[in-house]
Amino acid sequence: MKKIAIVYHSGFGHTARQAEHVAKGAASVDGVQVQQIGADAVDAHWDDMAAADAIIFGAPTYMGSV
């Protein structure tokens, strides 16, 4: 089983929605387990991220940068 953590910040919900769709796509692959982690909850999930085979970061843009 491969584990993917999706860590994201979403001020208005747009990035959260993208993270949900990325998670849905990744979870559709056999043998993949996905966990979504909001940026405000990262401190409670260090062990989960350390155990992940991949981490996908999602961040909104502000004036052209993350």
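Residues numbered from 1 in each chain as written. Predicted model: local features only at pLDDT ≥ 70, side-chain atom pairs only at ≥ 80, totals over all residues. Heavy atoms only, no water.

Digging into the pairing of strand S2 (residues 32–38)
Next, step 1: Strand direction decides the pairing type here: strand S1 (residues 2–8) and S2, joined by 7 bridges, are parallel. Counted as the bridge partner of Lys 2 is Val 32 from S2.
Next, step 2: As a crossover connection, the stretch from S1 through helix H1 (residues 14–27) into S2 is right-handed. (Pairing = 2+ DSSP bridges. Helix = DSSP H or I, 4+ residues; strand = E, 2+ residues; numbered from the N terminus. Right-handed = clockwise from strand over helix to strand, strands pointing away.)

Examining the environment of Ile 6
Next, step 1: Structurally, the position occupied by Ile 6 is in strand S1.
Next, step 2: With relative accessibility at 3%, the residue Ile 6 sits in the buried group.
Next, step 3: Taking the C-alpha atoms as reference points, Ile 6 and Glu 20, separated by 14 residues in sequence, lie 9.0 Å from one another.
Next, step 4: Apart from residues no more than four positions distant in its own chain, Ile 6 is found in contact with Ala 19, Val 22, Ala 23, Val 34, Gln 35, Gln 36, Ile 37 and Ile 56. (Buried < 20%, exposed > 50% of the residue type's maximum accessible area, 1.4 Å probe, protein only. Contact = heavy atoms within 4.5 Å.)

What about the nonpolar core?
Burial of nonpolar side chains together is a common tendency in soluble globular proteins.
Next, step 1: Residues Ile 4, Ile 6, Tyr 8, Ala 16, Ala 19, Ala 23, Ala 26 and Val 32 constitute the largest nonpolar core, which totals 8 residues.
Next, step 2: Counting only elements with at least two residues in this core, the list comes to S1 and H1.
Next, step 3: Here this core gets 4 residues from one element, more than from any other, and that element is H1.
Next, step 4: Setting aside residues no more than four positions away along its own chain, Ala 23 makes contact with Ile 6, Val 34 and Gln 36. (Core = buried A, V, L, I, M, F, W, Y, C linked by side-chain atoms within 4.5 Å.)

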